[in-house]
Amino acid sequence: VENYIELAYMTRDPKYVERATRIAVYARNSEAASEVAKLWAELDPLNPDAHQVLAVMNLRKGDIDGALEHLEIILDYSHGKLDQKLWMIANMLGREKDSALVMQVMEKLLLRHEQDPEAIYAFAHVAARIGEPDRAIELLKHTLELAPDNDNAAMSYISILQKQGRVNDALEWIEKTLPTRKDNDFNLRSAYARLLTDAKRFDDARRQFEILSVQAPNNNDVLFALGLLYLQ
């Protein structure tokens, strides 16, 4: 760490500064990582990775405003597409252990993206990962209000409801939603058919798998499930 930091300051070459930062992080030397990451951000201000390190270091110190400053730079100014940057931030936050701090940071970031379904979905993913399923469900509902055809959000919503033991709520939501889908309802109908099977509503499940077998006559999973239901 010391040798790389010396090299970073001597050369001021972003590639050596990046290497020094990553080695300091790997060595769990937070003080050195923060110090050299500041130099990295100074030399390469549009690099999201530099600001990600600084955001993490600030978050671990309990400095929410400092973390937010760097996360907002990532979203507003750094290189890369917004959705990719959102998922980078979501994955970063989801790995942190202090869930209370993570939630505070996430909620403040959400204030700026209340009408952005991709942002809300990304933060729902964070909430689920850090053990806040109720908040994740709220955020996924909001995502689906803004983007009803977001299949990933729909599958996540159903999955979390199922894990919470709220199978009837999941079934009720699918039954309301399926008639509104003109196309691309295969994944949603598949989830519905599997939930009906789990709920031992075998006749209803069979009917859904029969619809799926017309939509995808060569899908082995559908054919297998349908065979098992006929056997039942």
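My aim in this report is to walk through the structure given alongside it, one point at a time. (Residues numbered from 1 in each chain as written. Predicted model: local features only at pLDDT ≥ 70, side-chain atom pairs only at ≥ 80, totals over all residues. Heavy atoms only, no water.)

Turning our attention to the packing of aromatic side chains. Taken as a whole and judged by the stated rule, the model has two aromatic pairs. Their ring planes at 75° and their centres at 5.3 Å tell us that Trp87 and Tyr121 sit as a pair that is edge-to-face. Here Trp87 is found in helix α6 (residues 82-95), whereas its partner Tyr121 is found in helix α8 (residues 117-129), with 34 residues between them in sequence. Judged by its relative accessible area of 21%, Trp87 falls in the partly exposed class. Ring plane angle 75° and centroid distance 5.2 Å describe the contact between Tyr157 and Trp173, whose orientation is recorded as edge-to-face. Residue Tyr157 is found in helix α10 (residues 151-163), and its partner Trp173 is found in helix α11 (residues 167-177); the two are separated by 16 residues along the sequence. We note that Tyr157, like Trp173, is buried. Above the plane of the ring of Tyr16 lies Lys15, whose end atom (NZ or CZ) is 5.0 Å from the centre. (Phe/Tyr/Trp six-rings, centres within 6.5 Å; stacked < 30°, edge-to-face > 60°. Helix = DSSP H or I, 4+ residues; strand = E, 2+ residues; numbered from the N terminus. Buried < 20%, exposed > 50% of the residue type's maximum accessible area, 1.4 Å probe, protein only. Lys NZ or Arg CZ within 6 Å of the ring centre and 35° of its normal.)

This brings us to the side chain of Arg189. The topology assignment puts Arg189 in helix α12 (residues 186-198). Overall, Arg189 belongs to the buried group, its relative accessible area being 12%. Other than its neighbours up to four places away in sequence, Arg189 contacts Leu178, Gln208, Ile211, Leu212 and Gln215. (Contact = heavy atoms within 4.5 Å.)

Attention now goes to the nonpolar core. In terms of nonpolar packing, the biggest core is built from 76 residues, with Leu93 and Phe123 touching the most fellow members. Ranked by the residues each element gives to this core, the list is headed by α8, at eight residues. If we skip the residues at most four places from it in the chain, Phe123 touches Leu86, Ile89, Leu93, Met106, Leu109, Leu110 and Leu139. (Core = buried A, V, L, I, M, F, W, Y, C linked by side-chain atoms within 4.5 Å.)

Two quantities define a packed helix pair, namely the angle between the helix axes and the distance between the axes. In the contact formed by helix α5 (residues 64-76) and α6, the axes pass within 9 Å of each other and the chain directions differ by 155°. By the criterion of interaxial angle, the relationship of α5 to α6 is roughly antiparallel. For the pair formed by α5 and α6, the contact residues are Leu71, Ile74 and Leu75 on the first element and Leu82, Lys85, Leu86, Met88, Ile89 and Met92 on the second. Of the residues belonging to the contact of α5 with α6, the class tally is eight nonpolar, no polar and one charged. (Axes fitted to C-alpha atoms, helices over the stretch in contact; angles between N-to-C directions. Parallel < 35°, antiparallel > 145°, perpendicular 65-115°, else oblique. Nonpolar A, V, L, I, M, F, W, Y, C, P; charged D, E, K, R; others polar.)

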